[in-house]
Amino acid sequence: VQGTGGSSAVSKCSAAARGYIQDRFLRLLVGRRRRRAPLVHRGYYIRARAVDHCVQDFLLKTQSHPRTQILSLGAGFDSLYFRLKDMGLLHHTVVYEVDFPNVACQKATLIKRIKELSALVGDIGGEGLGVITFSGEDYKLLGLDLSELSELERALEEAGMDNEIPTLFIAEVVLTYMENSRSDALIQWAAEHFSQACFLLYEQMHPEDPFGCVMQQHFSQLNSALHSLAQYPDCEAQQRRFFEKGWTECSVMDMNEFFTRCTPEDEQQRVQALEPFDEYEEWHLKCSHYFVLTASKGMESPWTPLLSNMTVPHCDGPVRMAGSITAVECATHSEISGLRRYGHHSVLIKPNVILTTGGFGEEDGQHCRMRNFHVLIKHAGYWKAGCVKKENPDKRWDERLYHTVSCLSSSLALVVGGRTSPSSAGLGMLWLKFPETSNASDPGDITVELVSLQPPAEPAALRWRHSTTEVIFKGEKYLFLYGGRSAMEPVLGDWYFLHTQELSCTVIPVEGPVPESRHSHSACSWKGGVLIAGGLGAVEQPLGSVFFLRELEHGFQWQTVETHPPLIPRYSHTAHVHDGKLLLVGGVWFHSSSVPGITVIDLMTGLCLDYAINVEHLEWPLMLHNHSSVFLPNEKELLLIGGGGNCFSFGTHLNPEPVSLSLSNILTSH
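From a predicted model like this one, the values you see are computed outputs, not experimental measurements.

*Asks:* Honestly, the overall build of the protein in this entry has me stumped. Any pointers?
*Replies:* If you tally the helices and strands in the protein, you get 15 helices and 39 strands. A compact globule built from 670 residues should have a C-alpha radius of gyration of about 26 Å, and the protein, at 28 Å, falls within 12% of that. Along the longest, intermediate and shortest principal axes, the C-alpha atoms of the protein span 85 × 50 × 45 Å. Every one of the 670 residues in the protein was classed for burial, and the buried ones make up 59%. Within the protein, contacts between residues separated by at least 24 positions form 66% of all contacts whose residues are at least 6 apart in sequence. With the model as given, the accessible surface of the protein reaches about 26400 Å², and the carbon-plus-sulfur share is 50%.

Right, here's the structure in full:
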């Protein structure tokens, strides 16, 4: 448990060095320096932001009191006291910190040794007396085990804590490491023993979904299991817990909501621009698995720092499911791990052959950008998997992620866009050629030749997380290239019509309401036009709009598809059209109570139904973002390939096997 405190201090330090948080004291308190990934920086930014937001609100609301105090539980090497003191916010507030004796002793030694710190505190001696390892005028550092309540009470009394003045308790990922009976007792003790009290809690939730499983497993492997998750799995349970333990006001929100509602938009944009970033799914999943809670009792006016004045809709309450669809592991006759990947693309190149290219995943036991192409062939009711022979292996594939592949004939496909790293420019276009034969029954029968474009590709293709969809205008085929993002633009809203013969951009007039810019949306061909659904829009907010680009005599027209109930905003899903119904598969949304399954939109009536995916037959968490999917209309079978990602600092999860869903029940006409 102490190890988790050390590693989170190193992460905060790295976030401060990159400008996410303003904190010049952390580097003095943290010995080790490591540069963390942008995803980890964002995670620690939102944590620090939530705590600071609430602490400063407490100091503001109680500034008319002659004396107030803050008690930080399991404070570790946190710099909170020094930042508040430096900002001149501690005129009449004493800060108490409690942690294990060896942590408190180490920190006390550091403070005495480092001039910048000791000068701020003004050491008045008196430390070394039992549990008090450091004692300044407005700062007391105590070394003891939090779960020993009577000892804690005695030590705080000795250090001069006053039960009658406004007191803020802070527990930032601390209580969950204690047995529930002990953390519950601490929450109750704080409410009973202090007449004017506020509590700030930040920790994990939602252990049951795929990301939650990976998160729990990580902490168990560190030998620091998260105890509160089983009994208090969500915001509502945590809120009930505080009411039952004697607190009279309590509000709670997950970190997606905190970032959206309690962080000013200019600050959101500042943080989003600090580093090249392309891990939106994992950022939003991390935020939906952590919450901030504030509770109070006995205060002159209720303490409610989480009530924001922003008018963002509150997406609470469970999603109503119309039913469920059972997922089964795909029966494949092979033992190759080539489909453990994300950010790839899969396409049906023959009625029974699926080609998968690109992405990041597992190759030869290593995690890397994928070089090998991969096929699944359905033969005699079974899928066979194998690597594809490249006719010209020296040709650069560029190991791309988030590209598209469009089949233009039975022997030709076009790769558009994609990226290597998020800071590099997008990649252009590439032809893939494969033999005409349609009787392939073995992966070894399939070869692919890579052909560069002469002249080089349209600059329009230098993007990723876009869509490329076949449309028909005046009997001619075009590829409609839409949205995405680039190294320069975090979100694009433009479009191009690529003539499939010359691959040049053709100007075709488009009228109607222009959809807002987006990436990681879905796009399907329908009636000669395109259906665009969802996506991640400006300021990284999921979108719930559906548009149809409809062919007219002289061009195309954007039309809004109204859905009812309204489609829950989502992105990073896949989509298929069958028999007048639009199917959306997986993705990421901000409803932390469940994960997206299959959504069916009736394009005639607009009726929108959500179905859960039943995963009881799978022995591993099924992560349905950055996946690919292929729909086989005759069998009404949906094949889910790959998916997953870097789950914050909890490790990478890649779905180990393709998964098959039978959709015949939900696609039969009612």
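*Asks:* What should I look at first to understand the nonpolar core in this one?
*Replies:* Among soluble globular proteins, nonpolar side chains are generally buried collectively. Within the largest apolar cluster, 80 residues are counted, with the highest numbers of intra-cluster contacts made by V55 and V292. For this core, the element with the highest residue contribution is helix α3 (residues 38-61), accounting for 12 residues. Beyond its immediate sequence surroundings of up to four residues, V292 is in contact with A50, C54, L200, L201, Y202, S251, V252, M253, M255, F258 and L306. One finds L71, L142, L201 and V252 within the second-largest nonpolar core, a separate group that totals 36 residues.

*Asks:* What's the story with empty space enclosed by the protein in this structure? I'm lost.
*Replies:* For the structure on display, the rule yields 2 cavities of 30 Å³ or more. Empty space within the largest cavity amounts to approximately 60 Å³. Lining the largest cavity we find N256, F259, T260, Q268, Q272, W283, H284, V539, E540, Q541 and F590. Those elements giving two or more residues to the lining of the largest cavity turn out to be α12 (255-262), α13 (265-272) and α14 (280-288). Ranked by the residues each element gives to the lining of the largest cavity, the list is headed by α12, at 3 residues. Class assignment for the residues of the lining of the largest cavity results in 4 nonpolar, 6 polar and 1 charged.

*Asks:* Looking at this structure, how should I read the pairing of strand β23 (residues 476-482)?
*Replies:* A regular strand places its side chains on the two faces of the sheet in alternate fashion. With 5 of 7 residues buried, β23 is to be regarded as a mostly interior element. Counting the residues between successive antiparallel strands, the hairpin from strand β22 (residues 467-473) to β23 contains 2 residues, one of them, K474, with a positive phi of roughly 50 degrees.

*Asks:* Even after reading the chapter, I still don't get the side chain of H576, so can you show me in this structure?
*Replies:* With respect to the helices and strands, H576 occurs in strand β31 (residues 574-578). At 2.6 Å, the side chain of H576 forms a polar contact with the side chain of S629. Setting aside its immediate chain neighbours within four residues, H576 contacts C524, K581, L582, L583, V585, S629, V630, F631 and L638.

*Asks:* What exactly am I supposed to notice about unusual backbone geometry here?
*Replies:* A cis amide bond links H564 with the next residue in sequence, P565, at an omega value of -10 degrees. Tracing the backbone shows P565 in the loop between β30 (556-560) and β31. You will see that A380, though not glycine, has its phi angle at about 55 degrees, which is positive. By the secondary structure assignment, A380 is in the loop between β15 (374-379) and β16 (382-387).

*Asks:* Quick question: what am I supposed to make of the packing of helix α7 (residues 149-158) against helix α8 (residues 180-193) here?
*Replies:* Packing of α7 against α8 brings their axes to within 11 Å, and their N-to-C directions diverge by 40 degrees. Between α7 and α8, the angle falls in the class oblique. Crossing handedness for the pair α7 and α8: right-handed. Residues L149, L152, E153 and L156 of α7 form the contact with α8, whose participating residues are A185, L186, W189 and H193. Across the contact of α7 with α8, the residue classes break down as 6 nonpolar, 1 polar and 1 charged.

*Asks:* Got a minute to help me understand helix α9 (residues 210-221) in this structure?
*Replies:* Since one α-helical turn is 3.6 residues long, residues separated by three or four positions face the same way. Helix length check: α9, at 12 residues, gives a terminal C-alpha distance of 17 Å against a target of 16 Å (1.5 Å per residue), a fit within 8%. Where α9 is concerned, the buried positions are P210, F211, G212, V214, M215, H218 and F219. Next to the buried residues of α9 lie β6 (197-204), α10 (228-231), α14, β8 (290-297) and β38 (652-654). A positive phi of about 65 degrees marks N223, the residue just after α9.

*Asks:* Is there a simple way to explain the packing of aromatic side chains in this structure?
*Replies:* What characterises a pair of aromatic rings is the spacing of the ring centres plus the angle enclosed by the ring planes. Tallying each qualifying case throughout the model produces 32 aromatic pairs. Between the aromatic rings of F211 and F650, the centroid separation amounts to 6.0 Å while the plane-to-plane angle is 65 degrees, which identifies the pairing as edge-to-face. Of the two residues, F211 sits in helix α9 while F650 sits in the loop between β37 (644-646) and β38, which places them 439 residues apart along the sequence. In this pair, the class of F211 matches that of F650, namely buried.

*Asks:* Help me understand the sheet that holds strand β11 (residues 345-350) in this model?
*Replies:* Whenever strands of a sheet pair, they do so through backbone hydrogen bonds, lying parallel or antiparallel. Ordered in space as β11-β12-β15-β16, the 4 strands form an open sheet in which the pairing is antiparallel. Of all the strands in the sheet, just β11 and β16 have a single pairing partner and so form its edges. Neighbour-to-neighbour, the strand axes of this sheet turn through a mean angle of 25 degrees, independent of strand direction. Bridge count for β15 against β16 is 6 bridges, and the pairing is antiparallel. Bridged to K378 within β16 is W383.

*Asks:* Would you mind showing me how to read the sheet that holds strand β26 (residues 510-511) here?
*Replies:* Reading across the sheet, the 5 strands line up as β26-β30-β29-β28-β27 and stay open at both edges, with mixed pairing between neighbours. Unpaired on one side and paired on the other, β26 and β27 (522-526) mark the two borders of the sheet.

*Asks:* I'm lost on the layout of surface pockets in this one. Help?
*Replies:* Empty space among the atoms can be located by rolling a probe the size of a water molecule over them. Taken as a whole, the largest pocket spans an internal volume of roughly 1400 Å³. Lining the largest pocket are 46 residues, with H345, S346, T468, A523 and A575 positioned closest to its centre. Per-element accounting of the lining of the largest pocket gives the leading share, 6 residues, to β22.

*Asks:* Hey, could you run me through the environment of G122 in this one?
*Replies:* Tracing the backbone shows G122 in the loop between α6 (115-121) and β3 (132-135). Under the relative-accessibility criterion, G122 is labelled partly exposed at 31%. Residues G122 and V94 lie 28 residues apart in sequence; the distance between their C-alpha atoms is 13 Å. Not counting chain neighbours up to four residues away, the residues in contact with G122 comprise G136 and E137.

*Asks:* Sorry if this is basic, but what is going on with the pattern of salt bridges here?
*Replies:* A side chain with one charge may pair with a side chain of the opposite charge, provided their charged atoms come close. In the structure shown here, the tally under the stated rule is 29 salt bridges. The shortest N-O distance in the salt bridge between E257 and R261 comes to 3.3 Å. Pair noted here: E257 and R261 are both in helix α12, with a separation of 4 residues, about one helical turn. The burial state of E257 is the same as that of R261; both residues are buried. A salt bridge links E516 to R518; its shortest N-O distance comes to 3.0 Å. Taking the relative accessible area as the measure of exposure, R518 reaches 0% and is therefore buried. Via salt bridges that share partners, D278, E281, R419, R465 and R485 belong to a single interconnected network.

*Asks:* Would you mind showing me how to read the environment of S545 here?
*Replies:* Here S545 shows up in the loop between β28 (529-533) and β29 (546-551). The spacing of S545 and P207 is 338 residues in sequence and 30 Å in space, taken between C-alpha atoms. Dropping the residues within four chain positions of it, S545 is found in contact with E516, R518, I532, A533 and G534. Among the polar contacts listed, one links the side chain of S545 to the side chain of R518, at a separation of 2.9 Å.

The rules we used
Residues numbered from 1 in each chain as written. Predicted model: local features only at pLDDT ≥ 70, side-chain atom pairs only at ≥ 80, totals over all residues. Heavy atoms only, no water. Helix = DSSP H or I, 4+ residues; strand = E, 2+ residues; numbered from the N terminus. Rg over C-alpha atoms; globule rule 2.2 N^0.38 Å. Buried < 20%, exposed > 50% of the residue type's maximum accessible area, 1.4 Å probe, protein only. Contact = heavy atoms within 4.5 Å. Areas by Shrake-Rupley, 256 points an atom, 1.4 Å probe, with all protein chains shown as cover. Core = buried A, V, L, I, M, F, W, Y, C linked by side-chain atoms within 4.5 Å. 1 Å grid on protein atoms, 1.4 Å probe; cavity = no way out; pocket = protein on both sides within 12 Å on 5 of 7 lines; lining within 4 Å. Points joined across faces, edges and corners; volume = space filled by probe spheres on them. Nonpolar A, V, L, I, M, F, W, Y, C, P; charged D, E, K, R; others polar. Pairing = 2+ DSSP bridges. Polar contact = N/O pair within 3.5 Å; in protein donor to acceptor, adjacent residues only side chain to side chain. Axes fitted to C-alpha atoms, helices over the stretch in contact; angles between N-to-C directions. Parallel < 35°, antiparallel > 145°, perpendicular 65-115°, else oblique. Left-handed = near helix turned anticlockwise from the far one by under 90°. Expected span 1.5 Å × (residues − 1). Phe/Tyr/Trp six-rings, centres within 6.5 Å; stacked < 30°, edge-to-face > 60°. Salt bridge = Lys/Arg side-chain N within 4 Å of Asp/Glu carboxyl O.

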